[in-house]
Amino acid sequence: MPSVSGAVAQETLVVNSWGGAYEKLHKQLVFEPFEKANNVKIKVVTVYSADTLAQLRAQKGAPQYDVVHFSGGQEVVAAREGLISPIKPEELPNAADLYPFATEGMARGEGPVHLVTAIGLLYNEKKVPNAPKAWKDLWKSEYGDHLVLTDLSNSYGLLGFLMMNKVWGGALNDPKPGLQKVGELLNRSVIISSSPEVQQNFAQNDAWVAAFSQDYAHVIRQAGQPVKFVMAEEGAPAVFFTANLVAGRPNQALAKKLIDFELSPDVQAAFAREMRYSPTNRKTKLDDAVASEVVFGDGVKSLIRFDPAQVDSNRAALIESWKKLIAR
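Summary of the structure given here. None of the values given here were measured: they were computed from a predicted structure.

What counts as what
- Residues numbered from 1 in each chain as written.
- Predicted model: local features only at pLDDT ≥ 70, side-chain atom pairs only at ≥ 80, totals over all residues.
- Heavy atoms only, no water.
- Buried < 20%, exposed > 50% of the residue type's maximum accessible area, 1.4 Å probe, protein only.
- Helix = DSSP H or I, 4+ residues; strand = E, 2+ residues; numbered from the N terminus.
- Pairing = 2+ DSSP bridges.
- Expected span 1.5 Å × (residues − 1).
- Right-handed = clockwise from strand over helix to strand, strands pointing away.
- Axes fitted to C-alpha atoms, helices over the stretch in contact; angles between N-to-C directions.
- Parallel < 35°, antiparallel > 145°, perpendicular 65-115°, else oblique.
- Left-handed = near helix turned anticlockwise from the far one by under 90°.
- Contact = heavy atoms within 4.5 Å.
- Nonpolar A, V, L, I, M, F, W, Y, C, P; charged D, E, K, R; others polar.
- Core = buried A, V, L, I, M, F, W, Y, C linked by side-chain atoms within 4.5 Å.
- Phe/Tyr/Trp six-rings, centres within 6.5 Å; stacked < 30°, edge-to-face > 60°.
- Lys NZ or Arg CZ within 6 Å of the ring centre and 35° of its normal.
- Bend = angle between axes of the 7 residues up to and from the residue.
- Polar contact = N/O pair within 3.5 Å; in protein donor to acceptor, adjacent residues only side chain to side chain.
- Salt bridge = Lys/Arg side-chain N within 4 Å of Asp/Glu carboxyl O.

## Quick notes on the pairing of strand β5 (residues 113–124)
Next, step 1: Among the 12 residues that make up β5, 12 are buried, leaving the element largely enclosed by the rest of the structure.
Next, step 2: Strand direction decides the pairing type here: β5 and strand β10 (residues 236–246), joined by five bridges, are antiparallel. By the bridge assignment for β10, V113 is matched with T242.
Next, step 3: Sheet topology places β5 next to strand β11 (residues 278–279); two bridges connect them, and they run antiparallel.

Shown next, in the form of structure tokens:
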């Protein structure tokens, strides 16, 4: 007679992450502790947000992911197309403690925002005559030809440009003011397209000021450069990281438990400490040194989210206009 094991079969969750240092931390702070606490195996697939959305569309009849993470607003499209399942806030115990902006998309079927990185001004504190305080300070002559601009093919560069456009009177459907004003900076700027190039310019090319993200300011400081982040007084556009429940999968209760774990104060405090991402849970406690380098507490009221759907619909035309501008 065959023996019957009393062991419960281990469940598996398939999730995406974004590679590099972020994915390493994602595994260390979220996936591995969750596996141990819940007797579950998490299969991590390294795939960025836009490609994840493409895969969800291709797999719609037989989805392969349980939880997907987006950073470019793709959850708006995924929810509209029925690729992700709505989650009721009461199904996530930590949702009640999130800042309002982190749960407002849930009413539209999107997942909650679990981390944020703000786009502001990075500056070399030993080189600048005066620390920048506002987006319009980029146009001050005192910074000479020591500016770094980021190409719009980079999401941080795109958000930085949209904010510059906003402070000079433009709108999502009217980028002309921003394009005109950025045109004034081109002859005294270096244009980069990737995050490592920002660090390279501060280290090697005498950069003084750049519009970039708070987490990368920390990366550059860790590498020994005297670079600080400031959230500009007109506000900070931000990248919102969402955790989303894929539709049509069998183990949604466990998947929701994982999403809730990502919303917990301890996990969010660890992400802030290790990579300077801003927490979305108001009960997160940070020491003073970390809190001074992230958007935190009342500072979240200054975060600006440009409508992802409208950004996406205008992106191609904007990038074409940008290419023409920088080619002059």
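Structure's up, so let's keep going.
## Overview of unusual backbone geometry
Next, step 1: Although it is not a glycine, N39 sits at a positive phi angle of roughly 50 degrees.
Next, step 2: Locating N39 in the fold gives a position in the loop between α1 (20–38) and β2 (40–46).
Next, step 3: Despite not being glycine, D206 shows a phi value in the positive range, around 60 degrees.
Next, step 4: Tracing the backbone shows D206 in the loop between α7 (195–204) and β8 (209–213).

## Digging into helix α5 (residues 155–167)
Next, step 1: Between its first and last C-alpha, α5 extends 19 Å over 13 residues, near the 18 Å set by a 1.5 Å rise per residue.
Next, step 2: Once α5 ends, the next one or two residues include G169, with phi positive near 100 degrees.

## Quick word on the pairing of strand β1 (residues 11–17)
Next, step 1: When you tally the buried positions in β1, you get five out of seven residues, the bulk of the element.
Next, step 2: Examined bridge by bridge, β1 and β2 share seven bridges and lie parallel to one another. Following the sheet pairing, V15 is matched in β2 by V44.
Next, step 3: The β-α-β motif built from β1, the intervening α1 and the parallel element β2 has right-handed crossover chirality.

## Section: the packing of α7 against helix α8 (residues 214–222)
Next, step 1: Taken N-terminus to C-terminus, the directions of α7 and α8 make an angle of 50 degrees; their axes are 10 Å apart at the nearest point. When the axis of α7 is compared with that of α8, the two are oblique. In this structure, α7 meets α8 at a crossing whose hand is right-handed. Two secondary-structure elements touch here, α7 through S195, P196, V198, Q199 and F202 and α8 through Y216, V219 and I220.
Next, step 2: Looking at the contact of α7 with α8, its residues break down into six nonpolar, two polar and no charged.

## Quick look at the nonpolar core
Taken as a class, soluble globular proteins show a tendency for nonpolar side chains to be buried jointly.
Next, step 1: If you look at the biggest cluster of nonpolar residues, it comprises 91 residues, and the most contacted ones within it are F101, L122, W135, L138, L258, F271 and L303.
Next, step 2: Those residues in contact with L122 that lie beyond four places of it in its chain are V198, F202, W208, V209, A210, F212, S213, A217, I220, V227, K228 and F229.
Next, step 3: By size, the runner-up hydrophobic cluster in this structure holds 13 residues, among which are V14, V47, Y65 and I84.

## Examining the packing of aromatic side chains
Next, step 1: All told, the structure shown has 14 aromatic pairs when counted by the stated rule.
Next, step 2: Geometrically, the ring pair formed by Y156 and F212 is edge-to-face, given 5.1 Å between the ring centres and 85 degrees between the ring planes. Here Y156, found in helix α5, pairs with F212, found in strand β8; they are 56 residues apart in sequence, far enough to count as distant. The pair formed by Y156 and F212 is uniform in burial state, with each residue classed as buried.
Next, step 3: Following the ring pairs from residue to residue traces out a cluster consisting of W18, Y22, F241, F271 and Y277.
Next, step 4: Over the face of the ring belonging to W168 we find K136, whose NZ or CZ atom lies 4.3 Å from the ring centre.
Next, step 5: Its guanidinium or amino end placed over the ring of W168, K181 lies 4.1 Å from that ring's centre, counting from NZ or CZ.

## Considerations on helix α12 (residues 308–326)
Next, step 1: The principal kink in α12, of about 50 degrees, is found at R315.
Next, step 2: Those residues of α12 not exposed but buried are P308, V311, L318, I319, W322 and L325.

## Side note on the side chain of T242
Next, step 1: Take T242: it is sitting in strand β10.
Next, step 2: Polar contacts involving the side chain of T242 include one to the side chain of E75, which spans 3.0 Å.
Next, step 3: Side chain to side chain, T242 and N244 meet in a polar contact 3.0 Å long.
Next, step 4: Non-local contacts of T242, meaning those with residues more than four positions away in its chain, are made with V68, H69, F70, E75, G111, P112, V113 and H114.

## Some thoughts on the pattern of salt bridges
Next, step 1: One pass over the full model with this rule turns up 16 salt bridges.
Next, step 2: Put simply, R273 and E274 hold a salt bridge, and the shortest N to O gap is 3.6 Å.
Next, step 3: If you follow the salt bridges from partner to partner, you end up with E125, R221 and K228 in one network.

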